[in-house]
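Structural overview
Listed below are the residues making up each chain.
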Amino acid sequence: KGQNVPLLLLPTALGVGQYEAHDVMLVMVLSFAILTVFLGLWKQLRVFFFLVDWEKPRTVDAPESAPPPLPVNPPPPGPPTLVGSPLLGGSYPGLQGAVQGTPPSGLVAPPEAGLAVPDSGISAWRSLFVCNELNERLTATRAIPELTWLSMLALLEGCEWSNAARWTTHADRQSALAAEFNPFLQFSLGISVWIFVLVCQFLLQRIASIFVGHDLNDFIDVCSIANISVFILDEPFHGYYIHGKAPSSRGDWGHTELERVLHDEDKGIGFSRGLSPDGCQTFEMFLPPDTAVQLSNGNVAHFRQELGKVFVDVQMTQDTVARRDPPKPTSQDVAQMSQHRCNVQALVDAMVNAVMRGANEVLQLRSSFSWFWGVPPNVLTLQHPIFYKDQDGISYPNGLGWSSSLAYGAELRVAGIGIPLGFEWHLGLLELLMFSLIWRFQGSIALASALAYLTNRLILYIYGVVAKGRLAHTAIINGMFLI
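Our subject in this report is the structure included herewith. Keep in mind that this is a model prediction, so the values were computed, not measured. (Residues numbered from 1 in each chain as written. Predicted model: local features only at pLDDT ≥ 70, side-chain atom pairs only at ≥ 80, totals over all residues. Heavy atoms only, no water.)

1. Some words on the packing of helix α2 (residues 125-137) against helix α6 (residues 215-226)
The line we're drawing: An axis is simply a line fitted to the C-alpha atoms; with a helix, the fit covers only the stretch in contact. Between two such axes, the angle follows the N-to-C directions and lies from 0 to 180 degrees. Numbering of helices and strands starts at the N terminus; helices are DSSP runs of H or I of at least 4 residues and strands are runs of E of at least 2. Just so you know how the angles are binned, under 35 degrees is roughly parallel, over 145 roughly antiparallel, 65 to 115 roughly perpendicular, and the rest oblique. We call two residues in contact when some of their heavy atoms are within 4.5 Å. Gly is put with the polar residues, along with every residue not named as nonpolar or charged; the nonpolar set is Ala, Val, Leu, Ile, Met, Phe, Trp, Tyr, Cys and Pro, and the charged set is Asp, Glu, Lys and Arg.
Look at α2 against α6: their axes get within 10 Å of each other, and the N-to-C directions meet at 170°. Considering the angle they form, α2 stands roughly antiparallel to α6. For the pair α2 and α6, the contacting residues are R126, F129, V130, E133, L134 and R137 in the first and D215, L216, D218, F219, V222, C223 and A226 in the second. Classifying every residue of the contact of α2 with α6 gives eight nonpolar, no polar and five charged.

Written out as structure tokens, the structure reads:
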């Protein structure tokens, strides 16, 4: 009611003991926030990423001086070859023979190589480019920490908004500065200003996305141009899929050809990018535990079991290299890693082609009730994989649900503005509680803002370093190629 000293609703300054419960609560909540963030780190750093390269191999035995001419008007691409089928029962012969340790048909390995590798004739630069683009987005967040905490410092200290948290709130400036801070008002004011700064950032980002696009949607376009899909598993039977297969079934173009292909796509000539007729490229997937796929050689493989076997072999190869002095891979090691990568490629390729074949049953729209409450289907009773269209975003028909596997985390969209709910929200709350604790006991807004910012940088640095190694391991790419 405009009182000079806030006494009606808050304990008096003489009742210091009445604020001890608040201080104890602040420390306890901070402890739980630290635990929550590190549990989130543990979960995020177990995410499986794999890049599915749809490029067809080219001949590698042609003379270097006479490269094959590129057609001016290439024929339109034919329908995709479906090599997979959903949930075939019986025994699982596995990957034997699915990917041979020899070059693809029609290719001859360079004689100086000494060893044949199964991905000869396929450019690695597109995969490395997409992998680096994904690596850059692993630690991306909606809120910019530098802007957040500089704004907090400018508003609370520079604009003297912090005086609203003092015991004397309506006296002259000198008297207000001489008064102490009220603990309850400190905490509530810090939360209010922090939310105000975040809302302003999210609003400005939403407006900017109308004109310059969204960074995560740009990544989907990059995948389509590179002809590479991204297969993500954040749980044993749950994950996300970004369908990056180019409509032309090719991603290795020259500048002129690429411009012509994109122009034709813009005019609606040829196939659409998505798995479904509406062009959706992003999906949330649920896999039955006994998911099996038919490989191109006719064998049937249990998806999870074969995937686990391949990465046991990957780890064994990496351990062998690590035990050497110096720990450098030989040509045989490189060929083995190439074989492992192609084995995973064969599995995921069969899975995706099976989805394409059974699109009418596999591709589904998730109900609003199930989406809001996060109710997943019972994977134990599923007869086939389910790919829910992820279209909750700012760039229909694609969505941003797959970003929950990044530091970006899940979000709730209100009037087109994404409000973080996942890892970024937990990290932000930890920063806020760190700020509130330091301001409460040290009385310095500058020190509190600095430590909150350093908390953000330290955790995201740890996240970035470990996630980079994890990405290189699951994508089976040498980590030295990740910038």
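Structure's up, so let's keep going.
2. Describing the nonpolar core
Stated precisely, the cut-off is as follows: To qualify as a nonpolar core, a set must consist of buried Ala, Val, Leu, Ile, Met, Phe, Trp, Tyr and Cys residues joined through side-chain atoms within 4.5 Å. For each residue, the accessible area found with a 1.4 Å probe, counting protein chains only, is set against the maximum for its type, and the residue is called buried under 20%, exposed over 50%, and partly exposed in between.
Counting residues in each nonpolar core, the largest one holds 44 residues, and the members touching the most others are F49, V130, F219, V230, W402, L406 and F423. Counting only elements with at least two residues in this core, the list comes to α1 (20-44), β1 (48-53), α2, α6, β2 (228-235), β3 (238-242), α12 (423-442) and α13 (445-474). Of all hydrophobic cores here, the second largest spans 33 residues; its members include Y241, L307, A359 and F387.

3. Quick notes on the packing of aromatic side chains
The cut-off we apply is this: Note on ring pairs: Phe, Tyr and Trp rings are taken, using the six-membered ring of Trp, and paired if centres are within 6.5 Å. Classes follow the plane angle, with under 30 degrees stacked, over 60 edge-to-face and the rest tilted. A ring is scored as having a charge over it whenever the NZ atom of a lysine or the CZ atom of an arginine sits within 6 Å of its centre and within 35 degrees of its normal.
As enumerated under the stated definition, the model contains 12 aromatic pairs in all. Where W161 meets F196, the ring centres are 6.3 Å apart and the plane angle is 50°; that geometry is what we call tilted. Of this pair, W161 sits in the loop between α3 (145-158) and α4 (173-178) while F196 sits in helix α5 (residues 183-212); the two residues are 35 residues apart in sequence, bridging distant segments of the chain. Each residue in the set W149, F181, F435 and W439 is aromatic and connected to the rest through ring pairs, giving one cluster. Directly above the ring of F181 sits R166, whose terminal nitrogen or CZ lies 4.1 Å from the centroid. In this structure, R440 is placed above the aromatic ring of F441, and the distance from its NZ or CZ to the ring centre is 5.3 Å.

4. Some words on the layout of surface pockets
Let me state the cut-off plainly: With a 1 Å grid laid over protein atoms only, a set of points is called a cavity when a 1.4 Å probe fits there but cannot get out and a pocket when it is open yet has protein on both sides within 12 Å along at least five of seven lines; lining residues have an atom within 4 Å of a point. Grid points are joined across faces, edges and corners, and a volume is the space filled by probe spheres set on the points.
Estimates place the volume of the second largest pocket at around 1100 Å³. For the lining of the second largest pocket, the secondary structure elements donating two or more residues are α1, β2, β3, β4 (282-286), α11 (368-373), β8 (386-389), β9 (411-414) and α12. Looking at the lining of the second largest pocket, its residues break down into 16 nonpolar, 14 polar and nine charged.

5. A few points about a nonpolar patch on the surface
Which entries qualify depends on this criterion: Patches in this entry comprise residues that are over 30% relatively accessible and not in a salt bridge; like charges within 9 Å are linked, as are nonpolar side chains (Val, Leu, Ile, Met, Phe, Trp, Tyr) within 5 Å. The protein chains shown are the only cover counted for residues, whose accessible areas, like all others here, come from Shrake-Rupley with a 1.4 Å probe. Here a salt bridge means any side-chain nitrogen of Lys or Arg lying within 4 Å of a carboxyl oxygen belonging to Asp or Glu.
Where nonpolar side chains cluster on the molecular surface, the patch consists of F369, W371, F372, W373, V375, L412, V414, I419 and L421 and spans about 910 Å² of accessible area. Secondary-structure elements contributing two or more residues to the nonpolar patch are α11 and β9. With four residues, the single largest contributor to the nonpolar patch is α11. Along the chain, the position of F372 falls in helix α11.

Bear in mind that shape data such as this cannot, by itself, settle questions of function.
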